[in-house]
Amino acid sequence: MPIGPLKQHLLKKISEACREAFQHAAGEMEIGFPPDLQLGHFAAGCFPLAKALRRSPAEIAKTIAAGIAPDDVVQTAAAAGPYINFTLHPRRLFGEVVAEIASAEDRYGDARTGEGRRVMVEYLSPNTNKPLHLGHLRNAALGMAVSRMLAAVGHPVVKSILINDRGVHICKSMLAWERFAHGATPQSAGVKGDHFVGKWYVRYAVESERDPSLETAIQEMLLKWEAGDPQTLALWRRMNQWVYDGFAETYRSFGMRFDVFYYESETYKLGKDVIAAGLQQGVFARDERGNTLFHLPEKDFGLEKNGLTKRVTVLRPDGTSLYITQDIGTAIRKVTEHSLDASVYVVGSEQEHHFKCLFAILRALGYAWAPNCHHLSYGMVYLPEGKMKSREGKVVDADDLIAAMIELAEEEIRRRDPEQRLSEGEIRRRAEVIGVGAIKYYLLRVRPAQSINFDPAESISFDGFTGPYCQYAYARIFGILEKAGRRGLTEQKADCGLLGNLEELLLLKMLIQFPEELASGVAEHNPARVAVHVFNTARAFNQFYNKHAVIQAENPALAAARLALIRATAAVLKRGLALLGIGVLENM
RNA sequence: GCGCCUGUAGCUCAGUUGGAUAGAGCAACGGACUUCUAAUCCGUAGGCCGGGGGUUCGAAUCCCUCCAGGCGCGCCA
């Protein structure tokens, strides 16, 4: 009997006792946890029954508790105010949770609520004129985590990226390179491609300050690009490729994966035909200046102060497209190419209005999947000096941060290995898992809507509420399991009836709650639910660890039971961290 | 002016689908390694949950209002 049926059993007992005492169904009672595990293992509040029975919840709890007879699952049922607290036989309670986790084989907590509905998660959306920064890392950490969480509950997930590879900002780095680089390349300069191109983008900003004529040169270049001028296109391709080569390294070091690459140079003309058709159907209208526009529904957007409906332009008078034009086209293209049921866009909160408009338009156009489009909006990452502004160089570069964190982890690993038993390769491997894990955890531990004040000192900490703390708990467990294995101890014939002290109960509670937290996290598109729960699980283990011996337990039977418990804990830690895109180490 | 987000311990944040005594990390102070990994643990201290009003058996949580900060508000992306 896994945990779900265990709760069902309790509900059934309540229901029977309730019917016996009041000739009334128990209705909507729910099984939860008491605030203090000394009170019991599970609890049910009797509030839902109070109105129907016209008695106080406390009276009901008392009567029902008295009517519940102990059985092979329930040890005691006691009323405490309006609550019924249940104490279960540890053998069943621990045994069945541990068995369920063991049989799930790394998939504990998974569900089928997604029912195979196919979802695309689009994230990152980089520009090809500069390297990735801290804000991109938050975006990527969220995108990857949400993708994994959706997959865990049964959604086939397609991860996509929309690369902004065209436009005036790209021309700026091209022009600066043409004028000032004297043919230099990333290879000749010994610089990572995206950083190399970013350098010329910054150079343009500097040069255009003193030479305004560059502005007109940019406009000419843009026109040549639009006209398909071979030389311009060749330079554009060449420089973008430098950037992609650079990005690929960052994708790899941060663990980003994409199934589909979309490029705005290929999508920017999409959407026009849909808008033409929509104009025929009256979804869109023309204004006096020739703009094609969409009237935003009053229900969702309100009205202008002059009482007219708000509007958004979807096509310029000359027929050229806008950001939202191509987004309409791309949204449709995604669905047709990948048979999607839903779409998630991981984009900063500053674009909330844009996506609200986009989704309203898609609904107005009558697409059945339009209500399943979701903007996963997240807050800004602020630096101590204020908002990040790449044009002013006020950014935390992604590659720099990753390298710095790996470096810090490496120092810590060396400090713990004074006899230098570890190979350089092993040190490097561990440092990458720890350093990158620390960054991801730091970015994922708060809910997406919350803006993050990037605190350099706190972000590099490996203590407390951090990724390495969670990884450390896993490594500790692995150490115990390994040592137990060498000594021939196994949990084969573990008697979970021997478990039940406070620390073991608190740990078990975390294991039980993991699937619920994952489900909430998916429903809210909020990986922080998982991150916080993994931390609580690691903490519960550390508390247990510091108070109770496993291998050196009072007797071998108890040792076996505890081995089973911590093996299950390790599985939950590993699974939870994996959902966040964070790896574990068997030794730290 | 309007919309959305945020406001909880000195700092950074959980908790927000109404339920038992509001939690954690960091920082501070005091303790615990001859033991399965001290990247750990235990203890002390720290709160009108932004202010006010309302809804009810019960509000950090729901409603109204005010204050403060952030982000946005067609023809940029």
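The rules we used
- Residues numbered from 1 in each chain as written.
- Chains lettered and ligands numbered in written order.
- Predicted model: local features only at pLDDT ≥ 70, side-chain atom pairs only at ≥ 80, totals over all residues.
- Heavy atoms only, no water.
- Salt bridge = Lys/Arg side-chain N within 4 Å of Asp/Glu carboxyl O.
- Helix = DSSP H or I, 4+ residues; strand = E, 2+ residues; numbered from the N terminus.
- Near = heavy atom within 4 Å.
- Polar contact = N/O pair within 3.5 Å; in protein donor to acceptor, adjacent residues only side chain to side chain.
- Nonpolar A, V, L, I, M, F, W, Y, C, P; charged D, E, K, R; others polar.
- Domains from an automatic or database assignment.
- Contact = heavy atoms within 4.5 Å.
- Buried area = accessible area lost by both parts, 1.4 Å probe.
- Pairing = 2+ DSSP bridges.
- Axes fitted to C-alpha atoms, helices over the stretch in contact; angles between N-to-C directions.
- Parallel < 35°, antiparallel > 145°, perpendicular 65-115°, else oblique.
- Buried < 20%, exposed > 50% of the residue type's maximum accessible area, 1.4 Å probe, protein only.

J.: What should I look at first to understand the pattern of salt bridges in this one?
T.: Where charged atoms of side chains with opposite charge meet at close range, the side chains can pair. All chains considered together, the criterion is met by 38 salt bridges. Two residues, Asp 106 and Lys 574, come together in a salt bridge whose shortest N-O distance is 4.0 Å. Of this pair, Asp 106 sits in the loop between helix H4 (90–104) and strand E4 (119–122) while Lys 574 sits in helix H22 (residues 556–579), and the two are 468 residues apart along the sequence. One salt bridge in this structure joins Glu 207 and Arg 210, with 3.2 Å as the shortest N-O distance.

J.: Help me understand the protein's contact with RNA strand B in this model?
T.: Among the 61 residues in the neighbourhood of RNA strand B, the closest are listed as Tyr 83, Asn 291, Arg 416, Tyr 469 and His 548. Each atom of RNA strand B within 4 Å of the protein was assigned to sugar, phosphate or base; sugar and phosphate come to 63%. The separation between a base nitrogen of RNA strand B and a polar side-chain atom of Arg 289 is 3.2 Å. His 548 is positioned with one of its backbone polar atoms (N or O) 2.2 Å from a base nitrogen of RNA strand B. Secondary-structure elements contributing two or more residues to the surface near RNA strand B are strand E3 (83–88), strand E9 (311–315), helix H15 (352–364), helix H16 (398–415), helix H19 (467–486) and helix H21 (528–547). Residue contributions to the surface near RNA strand B peak at eight residues, all from H21. Looking at the surface near RNA strand B, its residues break down into 28 nonpolar, 16 polar and 17 charged.

J.: Mind showing me how you'd approach the domain arrangement of chain A here?
T.: Accessible area lost during the coming together of the parts is what is often quoted as the interface size. Domain annotation for chain A reports domain 1 (3–88), domain 2 (272–320) and domain 3 (422–579). One C-alpha centre belongs to domain 1, the other to domain 3; they are set 32 Å apart. With eight residues of domain 1 in contact, the opposing surface of domain 3 contributes seven residues. Both sides of the domain 1 and domain 3 interface together cover about 650 Å² of buried area, and 77% of this is carbon and sulfur. For the interface between domain 1 and domain 3, the tally reads one salt bridge. The salt bridge partner of Glu 516 is Lys 7, with a shortest N-O separation of 3.0 Å. Counting across the interface, domain 1 meets domain 3 through one residue pair in polar contact (both at pLDDT 80 or more).

J.: Explanation requested: the sheet that holds E3 in the structure shown.
T.: Backbone hydrogen bonds hold the strands of a sheet together, and the pairing may be parallel or antiparallel. The antiparallel open sheet is built from three strands, whose spatial order is E1-E3-E2. The sheet terminates laterally at strand E1 (42–45) and strand E2 (74–80), the two strands that pair on one side only. With strand direction ignored, the average angle separating the axes of adjacent strands in the sheet is 20 degrees. In the sheet, E1 pairs with E3 via four bridges, with the strands oriented antiparallel. Bridged to Ala 43 within E3 is Asn 85. In this fold helix H3 (residues 57–66) packs onto E2 and E3, with an angle of close to 160 degrees to the strand it touches most, E2.

J.: Sorry if this is basic, but what is going on with the packing of helix H12 (residues 272–281) against helix H14 (residues 323–338) here?
T.: Two quantities define a packed helix pair, namely the angle between the axes and the distance from one axis to the other. The interhelical angle for the contact between H12 and H14, taken along N-to-C directions, is 100 degrees, at an axis separation of 8 Å. It follows from the interaxial angle that H12 and H14 lie roughly perpendicular. Here Lys 272, Val 274 and Ile 275 of H12 lie close against H14, whose contacting residues are Thr 325, Ile 328 and Ile 332. Across the contact of H12 with H14, the residue classes break down as four nonpolar, one polar and one charged.

J.: Would you mind showing me how to read the environment of Ala 473 here?
T.: Along the chain, Ala 473 turns up in helix H19. Relative accessible area serves as the criterion here: at 0%, Ala 473 is assigned to the buried category.

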